[in-house]
There are 4 protein chains.
Amino acid sequence: MDGIPEAEFPLRTFLDFSIDGGPDGEPGTAVAVLDVDERHLNPNGIVHGGVVFTLVDTAMGRATLSVLDEGCICASIEVSVRYLRPVGGGRLVATATVLRAGRRIVHLEGAVHVEGDDRPAAVLQGSFAVIEA
Amino acid sequence: MDGIPEAEFPLRTFLDFSIDGGPDGEPGTAVAVLDVDERHLNPNGIVHGGVVFTLVDTAMGRATLSVLDEGCICASIEVSVRYLRPVGGGRLVATATVLRAGRRIVHLEGAVHVEGDDRPAAVLQGSFAVIEA
Amino acid sequence: MDGIPEAEFPLRTFLDFSIDGGPDGEPGTAVAVLDVDERHLNPNGIVHGGVVFTLVDTAMGRATLSVLDEGCICASIEVSVRYLRPVGGGRLVATATVLRAGRRIVHLEGAVHVEGDDRPAAVLQGSFAVIEA
Amino acid sequence: MDGIPEAEFPLRTFLDFSIDGGPDGEPGTAVAVLDVDERHLNPNGIVHGGVVFTLVDTAMGRATLSVLDEGCICASIEVSVRYLRPVGGGRLVATATVLRAGRRIVHLEGAVHVEGDDRPAAVLQGSFAVIEA
């Protein structure tokens, strides 16, 4: 919704999630959506922490791109993830929002919800470096 | 090497990494090894942050299990990852080490190196909750 | 506002900040307020990161206490702070909000604003362990 | 030991800790030392998390300065602290070590020990931005 083409890469194809700008078309947000199935689970039958992380990290990258000048790319400096509730199934909705877009560093927050449950399953914060083309 | 069976799960099968106890057979460490190929890369041609995270998160879980009483499992509370150098290829070696094994919480540190380079590509710290069977 | 007595301790007395339950009297939030003066600054003339951290960490502890059974105390497991904008002066308002209160672990988020500026100067997330009396 | 003058600021004077380059005179490390007394304790009688944080954050800043070109300063992007063991007294020794010194971002790790105990009381990781003069 923000004119950024959907990037395909193998891990995303395997996990099978969509990624798009925020629903309001405003820059600075992104949403990733994933329908949980057996491929996302760890041996304990809950969604693997790496799936939750990848979903939000990708959304954070997309949200960061939406506030950068054309041709710039970004790279994660640090991301922290906090797991609040285990997820066994359902539709995961990951949101990422830019908190501050500096010239060289962009800070974001993110969260993952199971659709229909307004309590977060995980929350994240991250900081990305801006790399000029 | 520590008697814990290798857990298979779809994300691990897709990423295709090995996971084992530390080389010294001591509890409290684990090592995951992944040979980078095209499936691990993001659209910029470097290893996706979610791959680095998944590798160490899995090793942290394994290292935690190695210090727990039989029948206990563990769940991530929080994990933080810091990306020091982009990785474009090679063999990734992820290590996880227990820093403190409490009765209810286990703290760990982790790192990812490209084999042959003693400078870390990423460093992590994490805390896991102990769940009694 | 939530019946928890204001705890005095020397670092708080030195930094001279107030700490109270959230304005709505609901459990799960706390607010700390500090008027910046020379004692809070680092050698570069901006508020020291340790001051920002202490303010929110104290508010997080207070917010956690407000959701615990009487007699329980809490201890920080991990806290992460992200500095968005340097602060040179003004009134710092730190808020802490419980995101999830589990039986053994409480997760929170926090932020620091300079009064009159709705953009955060710092954001934090933290996890606390519940210790039964 | 690395030619950087000891910076005085009020919070440091109140907490009363020393700060110096690492014992080997090599750039990229710093050590802060604090003798615990009543002023460092929280209402539960253990060293306040903000004291532990301030000690390492200051050492991280000092270690970062030791690898920068003259005239550059640094500012915290993000710091994460993990509390492994409560501290009730003794001499706190905080160490900070540069993990990677990039042109724009410096990553560090830190730890706090009670002198005489080789198990860490707290571990930290942080990332600092380099600001050209």
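Bear in mind the structure is a predicted one, so any value in this text is a computation, not a measurement.

## Side note on the overall build of chain A
- Assigned secondary structure in chain A consists of 2 helices and 6 strands.
- When its helices and strands are written in sequence order, chain A yields α-β-β-α-β-β-β-β.
- Relative to a compact globule of 133 residues, whose C-alpha radius of gyration would be 14 Å, chain A shows 14 Å and is just as compact.
- With the C-alpha coordinates of chain A rotated into their principal frame, the extents come out at 40 × 25 × 25 Å.
- In chain A, which comprises 133 residues, the proportion classed as buried is 59%.
- The contacts in chain A between residues at least 6 apart in sequence include a share of 61% that link residues at least 24 apart.
- Of the accessible surface of chain A, which amounts to about 5,300 Å², a share of 51% is contributed by carbon and sulfur atoms.

## A closer look at the sheet that holds strand β5 (residues 105-114) of chain A
- Strand order in the open sheet formed by 12 strands is β1(A)-β2(A)-β4(A)-β5(A)-β6(A)-β3(A)-β3(B)-β6(B)-β5(B)-β4(B)-β2(B)-β1(B), with antiparallel pairing between adjacent strands. The sheet is open, and its two edges are formed by β1 (17-21) of chain A together with β1 (17-21) of chain B, each paired on a single side. Neighbour to neighbour, the strand axes of the sheet diverge by 20° on average, direction disregarded.
- Contacting β1, β2 (29-35), β3 (73-83), β4 (91-101), β5 and β6 (122-131) of chain A together with β3 (73-83) of chain B, helix α2 (residues 49-65) of chain A runs over the sheet at an angle of about 140° to β3 of chain A.
- Across the sheet, helix α2 (residues 49-65) of chain B touches β3 of chain A together with β1, β2 (29-35), β3, β4 (91-101), β5 (105-114) and β6 (122-131) of chain B, and the angle it forms with β3 of chain B is around 140°.

## Description of the sheet that holds strand β5 (residues 105-114) of chain C
- Judged by pairing direction, the sheet is antiparallel, and its 12 strands sit side by side in the order β1(C)-β2(C)-β4(C)-β5(C)-β6(C)-β3(C)-β3(D)-β6(D)-β5(D)-β4(D)-β2(D)-β1(D) without closing on themselves. The open sheet is flanked by β1 (17-21) of chain C together with β1 (17-21) of chain D, the only strands paired with a single partner. Put simply, the sheet's adjacent strands are angled 20° from each other on average, direction ignored.
- By the bridge criterion, 7 bridges tie strand β2 (residues 29-35) of chain C to strand β4 (residues 91-101) of chain C in an arrangement that is antiparallel. Along β4 of chain C, the bridge assignment pairs aspartate 35 of chain C with arginine 91 of chain C.
- Packing of helix α2 (residues 49-65) of chain C onto the sheet brings it into contact with β1, β2, β3 (73-83), β4, β5 and β6 (122-131) of chain C together with β3 (73-83) of chain D, and relative to β3 of chain C it is tilted by some 140°.

## Concerning the interface of chain D and chain B
- If you look at the interface, chain D gives 14 residues, while chain B gives 14 residues.
- Of the roughly 1,400 Å² buried between chain D and chain B, counting both surfaces, carbon and sulfur atoms make up 45%.
- The tally of links between chain D and chain B comes to 2 salt bridges.
- Close ionic contact of arginine 82 of chain B with glutamate 78 of chain D constitutes a salt bridge, the shortest N to O distance being 2.9 Å.
- The tally of links between chain D and chain B comes to 10 residue pairs in polar contact (both at pLDDT 80 or more).
- At the level of secondary structure, the elements contributing two or more residues to the side of chain D that touches chain B comprise β3, β4 (91-101) and β6 (122-131) of chain D.
- Looking at the side of chain D that touches chain B, the element that brings in the most residues is β6 of chain D, giving 5 residues.
- For the side of chain D that touches chain B, a count of residues per class yields 5 nonpolar, 5 polar and 4 charged.

## So, the interface of chain A and chain B
- Residue-level contacts link 31 residues of chain A with 31 residues of chain B.
- Here chain A and chain B share an interface that buries about 2,300 Å² over both sides, 66% of which is from carbon and sulfur atoms.
- Inspection of the region where chain A meets chain B yields 2 salt bridges.
- The tally of links from chain A across to chain B stands at 8 residue pairs in polar contact (both at pLDDT 80 or more).
- For the side of chain A that touches chain B, the elements supplying multiple residues, two or more each, are α1 (10-15), α2 and β3 of chain A.
- Of all the elements, β3 of chain A adds the most residues to the side of chain A that touches chain B, at 10 residues.

## So, the environment of glutamate 132 of chain B
- Note on placement: glutamate 132 of chain B falls in the segment after β6.
- Taking the relative accessible area as the measure of exposure, glutamate 132 of chain B reaches 58% and is therefore exposed.

## Examining the relation of the copies chain A and chain B
- Of the transformation superimposing chain A on chain B, the axial component is 0.0 Å and the angular component is 180°, with the fit at an RMSD of 0.0 Å. Overall, the copies show the geometry of a two-fold rotation axis. When C-alpha positions in chain A are compared against the rotation axis, the closest is assigned to serine 80 of chain A, at 2.1 Å.

## Quick notes on the environment of histidine 113 of chain B
Residue and element names in this part refer to chain B.
- Examined against the element boundaries, histidine 113 turns out to sit in strand β5.
- The exposure class of histidine 113 is partly exposed, given its relative accessible area of 24%.
- Histidine 113 sits 19 residues away from alanine 94 along the chain, and the two C-alpha atoms are 6.5 Å apart.
- Contacts of histidine 113, omitting those with residues within four sequence positions, involve Arg91, Leu92, Val93, Asp118, Arg119, Pro120 and Ala121.
- Within polar-contact distance, the side chain of histidine 113 engages the backbone oxygen of aspartate 118 at 3.4 Å.

## Section: the pattern of salt bridges
- Scanning the model with the defined rule gives 28 salt bridges over all chains in all.
- Aspartate 117 of chain A is the partner of arginine 119 of chain A in a salt bridge, and the nearest nitrogen-oxygen pair spans 3.0 Å.
- Aspartate 37 of chain B serves as the salt-bridge partner of arginine 39 of chain B, at 2.6 Å between the closest nitrogen and oxygen.
- In this structure, a network of salt bridges that share partners links the residues Glu78 of chain A, Arg82 of chain B, Arg82 of chain C together with Glu78 of chain D.

## Some thoughts on the relation of the copies chain D and chain B
- Superposition of chain D onto chain B requires a rotation of 180° combined with a translation of 0.0 Å along the rotation axis, giving an RMSD of 0.0 Å.
- A high fraction, 100%, of the interface residues of chain D reappear at the interface in chain B, so the copies pair face to face through one surface.

Rules used in this analysis
- Residues numbered from 1 in each chain as written.
- Chains lettered and ligands numbered in written order.
- Predicted model: local features only at pLDDT ≥ 70, side-chain atom pairs only at ≥ 80, totals over all residues.
- Heavy atoms only, no water.
- Helix = DSSP H or I, 4+ residues; strand = E, 2+ residues; numbered from the N terminus.
- Rg over C-alpha atoms; globule rule 2.2 N^0.38 Å.
- Buried < 20%, exposed > 50% of the residue type's maximum accessible area, 1.4 Å probe, protein only.
- Contact = heavy atoms within 4.5 Å.
- Areas by Shrake-Rupley, 256 points an atom, 1.4 Å probe, with all protein chains shown as cover.
- Pairing = 2+ DSSP bridges.
- Axes fitted to C-alpha atoms, helices over the stretch in contact; angles between N-to-C directions.
- Buried area = accessible area lost by both parts, 1.4 Å probe.
- Salt bridge = Lys/Arg side-chain N within 4 Å of Asp/Glu carboxyl O.
- Polar contact = N/O pair within 3.5 Å; in protein donor to acceptor, adjacent residues only side chain to side chain.
- Nonpolar A, V, L, I, M, F, W, Y, C, P; charged D, E, K, R; others polar.
- Least-squares fit on C-alpha atoms with pLDDT ≥ 70 in both.

Bear in mind that shape data such as this cannot, by itself, settle questions of function.
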